[in-house]
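Residue strings, one per chain:
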Amino acid sequence: YFGRFYGRIAEKPGDHEPSTLQAIKENAKGLAGISGERIWVELKKILLGNHVNHLVRLMYELDIAQYIGLPLDGSLEEFDRVTKNIQNLCPKPMTVLTSLFKVKDDVTNLDLRLKISKEEKNLGLFLVKHRQELTKAVGPEPLRPYQDFIMDSREANTNSKICELLKYQGEEHLLREMQQWTVPSFPVSGHDLRKMGVSSGKEIGTALQQLRDEWKKSGYHMDKEELLSCLKKL
């Protein structure tokens, strides 16, 4: 049924028979019986298609949204804004969809209905949490807040989440820069500190953290020699 809705509506957006729309609206409840996995497959196609804005608005007008896990009060204005900015940036479906969500519970409810993957759920939660406060810096290094976030993170796929955040924010140039950026390796090891006479594990831990902070302040540019000479001052 959902596939039929999609096929009929998606071919010619803006050119729908009122009777077709009325029939869809009357049968919207029928969607409640369709498996979440099947709906998610079709919904992802819509989210990456050309007429996403129009089709999602229709889902709200025809009372479909509530039966497929979308929030009753979806942020359609934010959705408009994000879908305009994101078109050529190859977003993941979840990145597009998250712009409808206002709070974390919206992601959780979507998952309960559609059984999305763990990665999709985590991406949605990440975007809802960080889309407002994790933004580009003013000045010569606009990418720094995102780079710092990645460097401070202990998770494996933070880089890819940050790229989705940049797409969400419509930051095309920063996205390209981020995709070319390689996460730098911290150049100092505990072994280097032992050679300099720092012996206790606790002191080594403290010294490494202080040097890491200095390295971060330098925009990750300081090399081993500079950092070790810095240690003498600390």
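**Student:** Tell me about the overall build of the protein, residues and numbers included.
**Tutor:** Within the protein, the regular secondary structure consists of 14 helices and zero strands. Mapped in sequence order, the helices and strands of the protein form the string α-α-α-α-α-α-α-α-α-α-α-α-α-α. Taking 2.2 N^0.38 as the reference for a compact globule, 234 residues should give roughly 17 Å; the C-alpha atoms of the protein span a radius of gyration of 24 Å, well beyond that estimate. Seen through its principal axes, the protein has C-alpha atoms that stretch 80 × 35 × 25 Å. A total of 234 residues make up the protein; the buried ones form 46% of that total. For the protein, the accessible surface area stands at approximately 13,000 Å², while carbon and sulfur atoms represent 49% of it.

**Student:** Just give me the short version of the side chain of Arg144, but keep the residues and values in it.
**Tutor:** Turning to its location among the elements, Arg144 is positioned in helix α9 (residues 144-152). Taking the relative accessible area as the measure of exposure, Arg144 reaches 16% and is therefore buried. In this structure Arg144 touches Lys216, Lys217, Gly219 and Tyr220, once residues within four positions along its chain are discounted.

**Student:** Describe in detail the nonpolar core, supporting the description with residues and values.
**Tutor:** Of all hydrophobic cores here, the largest spans 52 residues; its most connected members are Leu70, Leu97, Leu100, Tyr146 and Ile162. Per element, the largest residue contribution to this core is six residues, and it comes from helix α4 (residues 52-61). Apart from the residues within four sequence positions on either side, Tyr146 is in contact with Leu134, Thr135, Lys136, Ile162, Leu165, Leu166, Gln169, Leu174 and Met178. With 15 residues, the next largest nonpolar core counts Met151, Leu193, Val198 and Trp215 among its residues.

**Student:** An account of the environment of Leu48 is requested, with residue identities and associated values reported.
**Tutor:** For Leu48, the location among the structural elements is in the loop between α3 (36-47) and α4. Here the alpha-carbon distance between Leu48 and Lys92, two residues 44 residues apart in the chain, equals 7.9 Å. Apart from the residues lying within four places of it in its own chain, the contact partners of Leu48 are Pro91, Lys92 and Pro93.

Thresholds applied
Residues numbered from 1 in each chain as written. Predicted model: local features only at pLDDT ≥ 70, side-chain atom pairs only at ≥ 80, totals over all residues. Heavy atoms only, no water. Helix = DSSP H or I, 4+ residues; strand = E, 2+ residues; numbered from the N terminus. Rg over C-alpha atoms; globule rule 2.2 N^0.38 Å. Buried < 20%, exposed > 50% of the residue type's maximum accessible area, 1.4 Å probe, protein only. Areas by Shrake-Rupley, 256 points an atom, 1.4 Å probe, with all protein chains shown as cover. Contact = heavy atoms within 4.5 Å. Core = buried A, V, L, I, M, F, W, Y, C linked by side-chain atoms within 4.5 Å.

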